[in-house]
Amino acid sequence: MATATLIDGKNFAARLRTSIAAHVARLKTDYGMTPGLAVVLAGEDPASQIYVRNKGLQAREAGMNSFECRLPATVTQAELLNKIAELNRDPAINGILVQLPLPRQIDSQTVIQSIAVGKDVDGFHPLNAGLLAVGGTAMVPCTPLGCLMLIKDQVGDLAGQRVVVLGRSNIVGKPMAALLLREHCTVTIAHSRTRDLADECRRADILIAAVGKAHMVKGDWIKPGATVIDVGINRIPTPDGKGRLVGDVDFAAASEVAGAITPVPGGVGPMTIACLLLNTLTAACRQHGVPAPEVKPVPA
Ligand code: NDP
C-alpha cells in the first residue's frame, strides 16, 4: 500500500505560473515593460515541436511576449548563429532558448555559447554554469531549479540533508548538485561508473533520479521516509502501441517506502516550463535594471 505523500508538481507549477503572471502584469503597469521569450527550433522533431508550442503558449498565458523562430533541419551553423546574434541585439527579447537536440551538422556547445549570458534562460552557457558553481548571480537551469523548489516546499530547511543525485549531465545532474550544495546539503553525485549504486541511494534523505532509464531505481534502493524526485521521462511500450511515460523510479514500489515522491508525468516536468518563465521574468528585470521579484507560488 502506498504511504508516500505525492508531490504534485503540476499543481505547484500552476500556482507558480499564476504568481509569475501577476508579477508580469505589475511590471507592465509600473515600468511599461513586457518580458519577451524567443524559442528557436531547428528541424521538425515531433517532441521538440510539442515542447516549443507549450513553452510559447505558457509564456503568452503569463502575459509575456513569445517569439517562435523556426528554422529548417538543413540550417547551417552560420545561419543559426546569425539568428541568435539578431535575437541577442533585439531589446524586445529578454530570454533566448534554443530547443535541443539540434540537427547533426550543428555544434550545440558553439550555439549555446553564442547566446548572450543575460538572455540565457536555460542557464546552459558555461559562464552561467561557472557562476552557479562559485555562488554568483547566475541563470539557473530550469529543471534543477524546479526540483529545488519542490524539495524545499516538501522538506523545508535543507542544511545537513544527505542527498544523492543520480546522473551528472550538464543540464540536470551537475547544476542540481551545485544548487543543493548552496543549500548546505551533503551531496553525492552518482553515475554509470558508480560502484554499489543501490547502497549509495539507500543513504539518501533526498534522492534525485535523472538518468533516463525506465524504472531503474527500485523500491529497496530507497531509505524509508526519504524524499524522491524523479526527473526521468521514458516512454515504454503498451499493448495499444501508444506507449506510456514513466520515470527513472519504480513508482509503485518506491511509494511504499518513500516519505514523499514526485509522479511521472505531473511531477518535475511542469516545473521545468514554469521555471523557464521565471528565468525570463528575472532576465527581463535584470536587463531593465529593475529589482527581480522573489516569486513564490500562490497559496494552494
Ligand atoms: P543524460 O543522458 O545527459 O545523462 C544521464 C546520466 O545518467 C549520466 O550522467 C549517466 O552517467 C547516468 N546514467 C546512465 N545510465 C546509468 C546507470 N545505469 N547507472 C547510473 N547512472 C547512469 O540525461 P539528462 O540528464 O539530460 O536527462 C536525464 C533524464 O531526465 C532523461 O530521462 C530526460 O528525458 C529527463 N529530463 C527531464 C526533464 C524534465 O523536465 N522533467 C528535463 C531534462 C531531462 P554517465 O555520465 O556516467 O554516462
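Thresholds, definitions, all that
- Counting restarts for each chain, with residues numbered from 1 along the sequence as it is written.
- This being a predicted model, a pLDDT of at least 70 is required before a residue's local features are given, and a value of 80 or more before pairs of side-chain atoms are given or counted; all residues contribute to the totals for chains, interfaces and linings.
- Hydrogens are left out, water is left out, and the side-chain values use all remaining heavy atoms of the structure.
- Helix numbers and strand numbers start at the N terminus; a helix is a DSSP run of H or I with at least 4 residues, a strand a run of E with at least 2.
- In this description the radius of gyration comes from C-alpha coordinates, and the expected globular size is given by 2.2 Å times residues to the power 0.38.
- For each residue, the accessible area found with a 1.4 Å probe, counting protein chains only, is set against the maximum for its type, and the residue is called buried under 20%, exposed over 50%, and partly exposed in between.
- We call two residues in contact whenever any of their non-hydrogen atoms come within 4.5 Å of each other.
- Using a 1.4 Å probe, the Shrake-Rupley method yields the accessible areas, and only the shown protein chains count as cover for residues.
- For this description, a residue counts as near a given molecule or strand if any of its non-hydrogen atoms is within 4 Å of it.
- Between N or O atoms, a polar contact is any pair within 3.5 Å; within protein, one atom must be a potential hydrogen donor and the other a potential acceptor, and residues adjacent in sequence are included only when both atoms are from side chains.
- Three classes are used, and their members are as follows: Ala, Val, Leu, Ile, Met, Phe, Trp, Tyr, Cys and Pro are nonpolar, Asp, Glu, Lys and Arg are charged, and the others, Gly among them, are polar.
- Between the N-to-C directions of two axes lies an angle of 0 to 180 degrees, each axis being a line fitted to C-alpha atoms and, for a helix, fitted only over the stretch in contact.
- For classification purposes, angles smaller than 35 degrees are called roughly parallel, those larger than 145 roughly antiparallel, those between 65 and 115 roughly perpendicular, and all remaining angles oblique.
- We define a salt bridge as a contact between a side-chain nitrogen of Lys or Arg and a carboxyl oxygen of Asp or Glu at a distance within 4 Å.
- When DSSP finds two or more bridges between two strands, those strands count as paired.
- Put simply, buried Ala, Val, Leu, Ile, Met, Phe, Trp, Tyr and Cys residues joined by side-chain atoms within 4.5 Å make one nonpolar core.
- Domain start and stop points were drawn from an automatic or database domain assignment.
- For a helix, the expected span equals 1.5 Å multiplied by the residue count minus one.
- Take the far helix as the reference: if the near one is turned anticlockwise from it by less than a right angle, the crossing is left-handed, and if turned clockwise, right-handed.

> Hey, could you go over the overall build of the protein for me, with residue numbers and the actual values?
On a plain count of helices and strands, the protein comes out with ten helices and eleven strands. Its C-alpha radius of gyration of 19 Å places the protein within 12% of the 19 Å reference for a compact globule of 300 residues. Referenced to the eigenvectors of the C-alpha coordinate spread, the extents of the protein come out at roughly 55 × 45 × 40 Å. Buried residues in the protein amount to 47% of all 300 residues. Across the protein, contacts joining residues at least 24 apart in sequence account for 69% of those joining residues at least 6 apart. Accessible surface for the protein amounts to roughly 14000 Å². Of this, 53% is attributable to carbon and sulfur atoms.

> Give a description of the site of the ligand that names residues and reports values.
Residues in close proximity to the ligand total 21 residues, the closest being Arg-168, Ser-169, Ser-192, Ile-233 and Thr-272. Within the contact set of the ligand, an oxygen atom lies 3.1 Å away from a backbone nitrogen or oxygen of Ile-233. In isolation the ligand has 940 Å² of accessible area, and contact with the protein removes 69% of it. Take the shell around the ligand: its biggest share by element is three residues, from helix α10 (residues 268-288). Class assignment for the residues of the shell around the ligand results in nine nonpolar, ten polar and two charged.

> Can you tell me about the side chain of Lys-55, naming the residues and giving the values?
Mapped onto the fold, Lys-55 is located in helix α2 (residues 46-61). The contacts of Lys-55, once residues within four sequence positions are left out, are Val-39, Leu-97, Gln-99, Ile-273 and Leu-276.

> Please give an account of the packing of helix α6 (residues 142-155) against α10 that cites residues and values.
Two numbers describe how α6 lies on α10: the axes approach to 8 Å, and their chain directions differ by 110°. By the angle between their axes, α6 is roughly perpendicular relative to α10. Listed contacts from α10 to Cys-142, Thr-143, Leu-145, Gly-146, Cys-147, Met-149 and Leu-150 of α6 are Val-268, Met-271, Thr-272, Cys-275, Leu-276, Leu-278 and Asn-279. Partitioning the contact of α6 with α10 into residue classes produces ten nonpolar, four polar and no charged.

> Break down the pattern of salt bridges for me, with residues and values.
By the definition in use, this model includes seven salt bridges. The salt bridge involving Asp-205 is made with Lys-223; its shortest N-O contact spans 2.6 Å. Of this pair, Asp-205 sits in the loop between α8 (197-202) and β7 (206-209) while Lys-223 sits in the loop between β7 and β8 (227-230), and the two are 18 residues apart along the sequence.

> Go over the pairing of β8, please, and point to the residues and values.
The two faces of a sheet get side chains in turn, since along a regular strand they alternate between them. The side-chain alternation of β8 yields two buried faces, one formed by Thr-227 and Ile-229 and the other by Val-228 and Asp-230. Sheet topology places β8 next to strand β11 (residues 260-261); two bridges connect them, and they run parallel. Note on β11: the bridge partner recorded for Thr-227 is Ala-260.

> Describe the nonpolar core, and please don't skip the residues or the numbers.
Counting residues in each nonpolar core, the largest one holds 57 residues, and the members touching the most others are Ile-20, Met-176, Leu-180, Ile-208, Ile-229, Val-231 and Leu-281. Of all the secondary structure elements, the ones that give two or more residues to this core are α1 (9-31), β2 (36-42), α2, α6, β5 (162-166), α7 (173-182), β7 and α10. Here this core gathers at least three residues from each of two domains, domain 1 (32-121) and domain 2 (142-269). Once you skip the residues sitting within four places of it in the chain, Ile-229 turns out to touch Ile-7, Cys-147, Ile-151, Leu-207, Ile-208, Ala-209, Thr-262 and Val-268.

> Outline the sheet that holds strand β3 (residues 65-71), supporting the account with residue identities and numerical values.
Within the open sheet, the three strands sit side by side as β3-β2-β4. Their pairing is parallel. The open sheet has two edge strands, β3 and β4 (95-98), and neither has a second partner. Within this sheet the neighbouring strands show an average axis-to-axis angle of 15°, counted without direction. Pairing of β2 with β3, which is carried by seven bridges, proceeds in the parallel orientation. Within β3, the position partnered with Val-39 by the bridge is Glu-68.

> Can you explain the domain arrangement of the protein? Please cite residues and give values.
Examined at the domain level, the protein breaks down into domain 1 (32-121) and domain 2 (142-269). The straight-line distance from the C-alpha centre of domain 1 to that of domain 2 is 28 Å.

> Any chance you could break down α6 for me, citing the residues and the numbers?
An ideal rise of 1.5 Å per residue puts 20 Å on 14 residues; α6 measures up with 20 Å between its terminal C-alpha atoms. Counting buried positions over the 14 residues of α6 gives ten, a clear majority of the element. Those residues of α6 that fall on the buried side of the exposure criterion are Cys-142, Thr-143, Pro-144, Leu-145, Gly-146, Cys-147, Leu-148, Met-149, Leu-150 and Ile-151. Contact partners of the buried residues in α6: α1, α7, β7, β8 and α10. Just beyond α6, the residue with positive phi is Gly-156, at close to 85°.

> Before we move on, can you summarise the packing of α1 against α10 with the specific residues and values?
Closest axis-to-axis distance for the α1/α10 pair is 8 Å, and the angle between their directions is 20°. Between α1 and α10, the angle falls in the class roughly parallel. Helix-helix and strand crossings are classified by hand; for α1 and α10 the assignment is left-handed. Residues Gly-9, Lys-10, Phe-12, Ala-13, Leu-16, Arg-17, Ile-20, His-23, Val-24 and Leu-27 of α1 pack against Pro-270, Met-271, Ala-274, Leu-277, Leu-278, Leu-281 and Cys-285 of α10.

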